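Breakdown of the fold
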Amino acid sequence: LNIYQIKGGYLILDYGHNPDALASMGEMLDQLQGYKKTAVLGLPGDRADQTLHKAITAAAPYFDRFMLRDDFDLRGRKAGELPELLCQTLKKARPSITCEIHTNQIE
């Protein structure tokens, strides 16, 4: 976990990609009051859909906005498939959540 203070806000980088790691990150972020929280998130494409659903559902309560992306290595998925799956799952958990899909990791 790396935390950087930038222009009155924070950038937090972490490699958490399972439900427990994402929930732990969310619980930590709950301590930061008065900030909008955006997750820039990609998950490994070679995981079962059920595992991916659990991971993104664990993160859902803690963020105001999600930017969902593909990795360079799609691990057997089609471009855009993984972020679209994650966004659909988020919308079921929190219909009003904002999620943006990015198929290019640099984007």
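Note: the structure precedes this text.
Described in the following lines is the structure provided in the data block.

**Overview of the overall build of the protein chain**
Scanning the protein chain from N- to C-terminus turns up three helices and five strands. The linear arrangement of helices and strands in the protein chain, starting from the amino end, is β-β-α-β-α-β-α-β. Taken along its principal axes, the extent of the C-alpha atoms in the protein chain is 40 × 30 × 25 Å. Per-residue burial for the protein chain yields a buried fraction of 36% across its 107 residues. Across the protein chain, contacts joining residues at least 24 apart in sequence account for 66% of those joining residues at least 6 apart. Here the protein chain displays about 6700 Å² of accessible surface, and carbon together with sulfur accounts for 50% of that area. If you average the places of the 13 positive and of the 14 negative side-chain charges in the protein chain, the two averages end up 4 Å apart.

**Topic: a nonpolar patch on the surface**
On the surface, a nonpolar cluster with roughly 400 Å² of combined accessible area is contributed by Leu1, Ile3, Tyr10 and Tyr35. Relative to the assigned elements, Tyr35 resides in the loop between helix 1 (19–29) and strand 3 (38–41). Accessibility expressed as a relative area gives 34% for Tyr35, which makes it partly exposed.

**Description of the side chain of His102**
Within the secondary structure layout, His102 lies in strand 5 (residues 98–102). Taking relative accessible area as the criterion, His102 reaches 12% and is therefore assigned buried. Looking at His102, its side chain comes within polar contact range of the side chain of Glu100, at 3.1 Å.

**Topic: helix 3 (residues 81–93)**
Taking 1.5 Å per residue as the helical rise, helix 3 with its 13 residues ought to reach 18 Å, and the 19 Å between its terminal C-alpha atoms agrees with that figure. Those residues of helix 3 lying buried are Leu82, Pro83, Leu85, Leu86, Cys87, Thr89 and Leu90. Taken together, the buried residues of helix 3 touch helix 2 (49–59), strand 4 (65–69) and strand 5.

**Some thoughts on the pattern of salt bridges**
This structure, assessed with the given rule, holds six salt bridges. With a closest N to O distance of 3.0 Å, Glu100 and Arg65 form a salt bridge. Separated by 35 residues along the polypeptide, Glu100 in strand 5 and Arg65 in strand 4 bring together distant segments of the chain. Looking at Glu100, the relative accessible area reads 26%, which means it is partly exposed. Under the relative-accessibility criterion, Arg65 is labelled partly exposed at 30%.

Cut-off values and rules
Position labels on residues start from 1 in each chain and follow its written sequence. A pLDDT threshold of at least 70 governs which residues receive local features in this predicted model, and a stricter bar of 80 or more applies before side-chain atom pairs are shown or counted, although totals over entire chains, interfaces and linings include all residues. Excluding hydrogens and water, the side-chain figures rest on all heavy atoms present in the structure. Helical segments are the DSSP runs of H or I of at least four residues, strand segments are the runs of E of at least two, and each set is numbered from the N terminus. Working definition: with a 1.4 Å probe on protein chains only, accessible area under 20% of the residue-type maximum means buried, over 50% means exposed, and in between means partly exposed. In this description, contact between two residues means that some pair of their heavy atoms is separated by no more than 4.5 Å. Here, Shrake-Rupley sampling with a 1.4 Å probe gives the accessible areas, and only protein chains in the shown set may cover a residue. Positive charge is attributed to Lys and Arg, negative charge to Asp and Glu, and no charge count is given to His or to the chain ends. A charge is said to be at NZ when it belongs to Lys, at CZ for Arg, at CG for Asp and at CD for Glu. Excluding any residue in a salt bridge, patches collect residues exceeding 30% relative accessible area, merging like charges within 9 Å and nonpolar Val, Leu, Ile, Met, Phe, Trp and Tyr side chains within 5 Å. Any carboxyl oxygen of Asp or Glu that lies within 4 Å of a side-chain nitrogen of Lys or Arg is treated as forming a salt bridge with it. Polar contact criterion, stated in full: a pair of N or O atoms within 3.5 Å, where within protein one must be able to donate a hydrogen and the other to accept it, and residues adjacent in sequence count only if both atoms are side-chain atoms. Multiplying 1.5 Å by the residue count of a helix minus one yields the expected span of that helix.

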